[in-house]
Amino acid sequence: METMVQGLLKPLLTKERKIGAEAPAISLRMLDGETKIIGMLATKVQVMITLPFHNSLSEGLLDVIQKYQEQAFIYLLCAQALEKSTNPAFTSSDFAEYAKKFGVYIDETLCAKSIFIINKDGQVIYKQITSAVEDEFDLEIFETKLDEAIHFKKKGHVHENWMGA
């Protein structure tokens with residue numbers, strides 16, 4: 001894959017993550033100093049958002065994050081300190097390892113603009129990588145997919161069927 005950076009086509013380096021694939025476990029140091037392991041089984045849906053620049057966090061994206069922050073673990077990663085105020089417990093500038101493992105790494109100072117939704121079982125169920133780092137996310141589709149992921153009910157055995165009754 002590749003993305004445009006100021007009119008130049010740049011390759012996205014390392015591992016491309018496909019929908020349905022298992023998300024890799026990654027240790028991230030958050031701005032509040034805490035280290036979190038992300039990408040594995042979790043009690044909530046995880047959303048990983050990489051932003052290329054300090055001013056890449058739009059009001060619309062911030063609104064979606066605030067709307068769902070109690071129902072999902074939503075992480076923001078950017079090489080630079082973000083212009084808009086965010087929760088330091090879910091914001092990190094420790095982006096390089098993550099960007100390489102998710103295939104959105106451009107260089108040591110830049111990553112592609114991306115969103116990955118990881119379900120509670122640790123699988124990538126949605127991804128959006130903008131074709132240029134300056135492009136905006138399709139927030140309508142993102143919000144729809146996030147809402148679906150949060151409200152997904154796993155189908156399984158009904159107790160009576162399982163017991164052979």
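Residues numbered from 1 in each chain as written. Predicted model: local features only at pLDDT ≥ 70, side-chain atom pairs only at ≥ 80, totals over all residues. Heavy atoms only, no water.

Trainee: Help me understand unusual backbone geometry in this model?
Mentor: The bulk of non-glycine residues show a negative phi, and the bulk of peptide bonds are trans. Unlike most non-glycine residues, Q6 shows phi in positive territory, near 50°. Residue Q6 is classed as exposed on the basis of its relative accessible area of 65%. At T14, a position not held by glycine, the phi torsion is positive, near 75°. Summarising the element assignment, T14 is placed in the loop between strand 2 (8-11) and strand 3 (26-29). (Buried < 20%, exposed > 50% of the residue type's maximum accessible area, 1.4 Å probe, protein only. Helix = DSSP H or I, 4+ residues; strand = E, 2+ residues; numbered from the N terminus.)

Trainee: Would you mind showing me how to read the sheet that holds strand 6 (residues 72-78) here?
Mentor: The strands that make up a sheet pair up through hydrogen bonds in the backbone, lying either parallel or antiparallel. Within the open sheet, the five strands sit side by side as 7-6-5-10-11. Their pairing is mixed. With one partner strand each, in any of the chains shown, strand 7 (91-92) and strand 11 (124-129) form the two edges of the open sheet. Two strands pair when backbone bridges link them, and strand 5 (residues 45-51) and strand 10 (residues 114-118) are joined in this way by five bridges, in the antiparallel orientation. Bridge pairing in strand 10 places I49 opposite I115. Sitting on the sheet, helix 1 (residues 59-68) touches strand 5 and strand 6, and the angle it makes with strand 6 is about 145°. (Pairing = 2+ DSSP bridges. Contact = heavy atoms within 4.5 Å. Axes fitted to C-alpha atoms, helices over the stretch in contact; angles between N-to-C directions.)

Trainee: It is not clear to me how the side chain of Q128 should be interpreted in this structure. Could you clarify?
Mentor: Checked against the element boundaries, Q128 lands in strand 11. A residue is classified by how much of its surface remains accessible, and Q128, at 12% relative accessible area, is buried. Engagement of the side chain of Q128 in a polar contact is seen with the side chain of Y126, the distance being 2.5 Å. The contact partners of Q128, leaving out residues within four places of it in the chain, are K113, S114, I115, F137, D138 and F142. (Polar contact = N/O pair within 3.5 Å; in protein donor to acceptor, adjacent residues only side chain to side chain.)

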